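Structural characterization, general
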Amino acid sequence: MPSSFKAYPISKHVYWVGAIDWGLREFHGYSTSRGSTYNAYLVIDDKVTLIDTVKKSFEHELMARISSVIDPGKIDYIISNHSEMDHSGSLPSVIRKTRPEKVFASKMGVKALGAHFGSMDVVEAVENGASLSLGSKKLHFLETRMLHWPDSMVSYLEGERLLFSQDAFGMHLATPRLFVDDNNWDVVRFESAKYYANILLPYSQIIPKALEKLQATGWDIGIIASDHGPFWRDDISTIIDLYTQWSIQEPTNKAVIVYDTMWRSTELMAHAIADGIADGGAVPVVLPLSSVSRSDVATEILEAGALLVGSPTINNNIFPSLADTLTYLRGLKPKNLIGAAFGSYGWSGEAQNQLEDYLREMNIEIVSDPLKVNYVPTSENLTECRNLGLSIAEKLS
Ligand code: FEO
């Protein structure tokens, strides 16, 4: 089949041969409003080496881009830095078509690939810290366990100053502009933060140690080429600093209010709380779950100081949208937040205590008893909500 797919050089001996998924809007629960890329790289040396593959449905694009540079049958080695199927889905088929001498993965990567595709004799484990000669160049490997899978590792190509960082430092952003500095910075920063919040946040505890280990290698990194989105070159310290900042989650004066509503009573409460927060000099961000995705909520709380959650009681429970979002957030384990619950009820009123239980499970410091309103808020009720907002602003100042 004719195709216009071609490889793009990113350094002297390395080409980008990945795929652009313009239509991706959902990635295991994460809303990807700008699509994504599955990055793969071809290193031309005595041993022609493919770094990572792509999602199964994009194999044709990967193969076409490789074929624009060399006969894919000339590939000697494949490196699998990460076994999740957006990078390994096409691996078994690429192995069958290219018959490489070896496929290298971390020890845990060998296990994970076996669990996905059955054991393959061609797959061999590389030790943490090992090196592999490709001829004139050397690849070095560093395990980055739990960032974000047990198998994860990064590879560094000496001589070209290239770090292949798999998911780390990536973003879901479909773009043919391969470098960060060729893209809009506000978009890049937002999508990088969104990626961190939705993929890496639960592992924030180990990120500073991983960054230290990376620094201790002494690798002279000129380009960070991740498995999603454009690559970092002039701005490497910017993304490292942002990862350090996001891993610490120093509270800011932003208060995120997440709610759903039945007949607008809980919404009126959310708006009154937001007014109090703003009047108190802090920054409210109001996120109605009727129109905001769980992954955008996660992004907003990454750089916040407070989380307030509101739901009416429905059939003795919280709204399903709150259960969805709070279950997702609980798994992401955000840190250093204060919070409170609020909402309306008709006759039983269990929802607000259930919301508070979620906040406690997330180790959020509860700063007020749940605010409960019977049916429709009175002006006194709204003053109470506004006062809650003022006290939140004061605590964040
Ligand atoms: Fe991009 Fe963890 O896969």
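Residues numbered from 1 in each chain as written. Predicted model: local features only at pLDDT ≥ 70, side-chain atom pairs only at ≥ 80, totals over all residues. Heavy atoms only, no water.

Regarding its fold elements, the protein presents 12 helices and 22 strands. Over its C-alpha atoms, taken along the principal directions, the protein stretches across nearly 75 × 40 × 35 Å. Sequence separation of at least 24 residues holds for 73% of the intrachain contacts in the protein that already meet a minimum separation of 6. When the accessible area of the protein is evaluated, it comes to approximately 16400 Å², of which 51% is carbon and sulfur surface. Between the centroid of the 35 positive side chains of the protein and the centroid of its 48 negative side chains there is a distance of 6 Å. (Helix = DSSP H or I, 4+ residues; strand = E, 2+ residues; numbered from the N terminus. Contact = heavy atoms within 4.5 Å. Areas by Shrake-Rupley, 256 points an atom, 1.4 Å probe, with all protein chains shown as cover. Lys, Arg positive; Asp, Glu negative; His and termini not counted. Charge placed at Lys NZ, Arg CZ, Asp CG, Glu CD.)

Summed over all chains, the structure comprises 21 salt bridges. For Glu127, the salt bridge goes to Lys107, with nearest N and O atoms at 3.7 Å. On the criterion of sequence distance, the pair formed by Glu127 in the loop between β11 (123-125) and β12 (131-133) and Lys107 in helix α4 (residues 107-117) is long-range, its members being 20 residues apart. Given the relative accessible area of 48%, Glu127 is considered partly exposed. Arg330 is paired through a salt bridge with Glu361; the nearest N and O atoms lie 2.6 Å apart. You can see Arg330 sitting in helix α10 (residues 320-332) and its partner Glu361 sitting in helix α11 (residues 351-361), a full 31 residues away along the chain. Using a relative accessible area of 48% as the deciding quantity, one classes Glu361 as partly exposed. Through salt bridges with shared partners, a single network forms among Lys56, Glu59 and Lys97. (Salt bridge = Lys/Arg side-chain N within 4 Å of Asp/Glu carboxyl O. Buried < 20%, exposed > 50% of the residue type's maximum accessible area, 1.4 Å probe, protein only.)

Two modes of strand pairing occur in sheets, parallel and antiparallel, and in both the strands are linked by backbone hydrogen bonds. Reading across the sheet, the 7 strands line up as β1-β2-β7-β8-β9-β10-β11 and stay open at both edges, with mixed pairing between neighbours. The open sheet has two edge strands with one neighbour each: β1 (8-11) and β11. Strand-to-strand twist of the sheet, defined as the mean angle between neighbouring strand axes without regard to direction, takes the value 30°. One ladder, built from 3 bridges, connects strand β8 (residues 49-51) with strand β9 (residues 77-80); its direction is parallel. Bridge assignment links Leu50 to a residue of β9, and that residue is Ile78. Lying on the sheet, helix α3 (residues 91-98) is in contact with β8, β9 and β10 (102-105); it crosses β9 at an angle near 170°. The strands that α4 touches are β9, β10 and β11; relative to β11, the one it contacts most, it runs at about 150°. (Pairing = 2+ DSSP bridges. Axes fitted to C-alpha atoms, helices over the stretch in contact; angles between N-to-C directions.)

Here the domain parsing of the protein yields domain 1 (8-248) and domain 2 (255-396). Here the C-alpha centroids of domain 1 and domain 2 sit 38 Å apart. Listed per partner, the contact involves 18 residues of domain 1 and 15 residues of domain 2. Together domain 1 and domain 2 conceal approximately 1300 Å² of surface at their shared face, both sides included; 50% is due to carbon and sulfur atoms. There are 2 salt bridges connecting domain 1 and domain 2. Between the two partners, domain 1 and domain 2, sit 11 residue pairs in polar contact (both at pLDDT 80 or more). Mapped by element, the contributors of at least two residues to the side of domain 1 that touches domain 2 are β5 (30-31), α5 (185-200) and α7 (236-248). Broken down by element, the residue count for the side of domain 1 that touches domain 2 peaks at 7 residues, all from α5. Within the side of domain 1 that touches domain 2, the residues separate by chemical class into 9 nonpolar, 7 polar and 2 charged. (Domains from an automatic or database assignment. Buried area = accessible area lost by both parts, 1.4 Å probe. Polar contact = N/O pair within 3.5 Å; in protein donor to acceptor, adjacent residues only side chain to side chain. Nonpolar A, V, L, I, M, F, W, Y, C, P; charged D, E, K, R; others polar.)

Turning our eyes to something else, we now look at the packing of aromatic side chains. Applying the stated criterion across every chain, the model contains 13 aromatic pairs. With 6.3 Å between their ring centres and 45° between their planes, Tyr8 and Trp16 make a pair best called tilted. Under the relative-accessibility criterion, Tyr8 is labelled partly exposed at 32%. Exposure remark for Trp16: the relative accessible area of 2% places this residue in the buried category. Where Tyr196 meets Tyr243, the ring centres are 5.1 Å apart and the plane angle is 85°; that geometry is what we call edge-to-face. With Tyr196 in helix α5 and Tyr243 in helix α7, this pair connects stretches of sequence that are 47 residues apart. When sorted by exposure, Tyr196 lands in the same class as Tyr243, which is buried. Each member of the aromatic cluster is reached from another via a ring pair, and the members are Tyr41, Phe164, Phe179 and Phe231. The ring of Tyr328 carries Arg294 above its face, with NZ or CZ at 5.8 Å from the centroid. (Phe/Tyr/Trp six-rings, centres within 6.5 Å; stacked < 30°, edge-to-face > 60°. Lys NZ or Arg CZ within 6 Å of the ring centre and 35° of its normal.)

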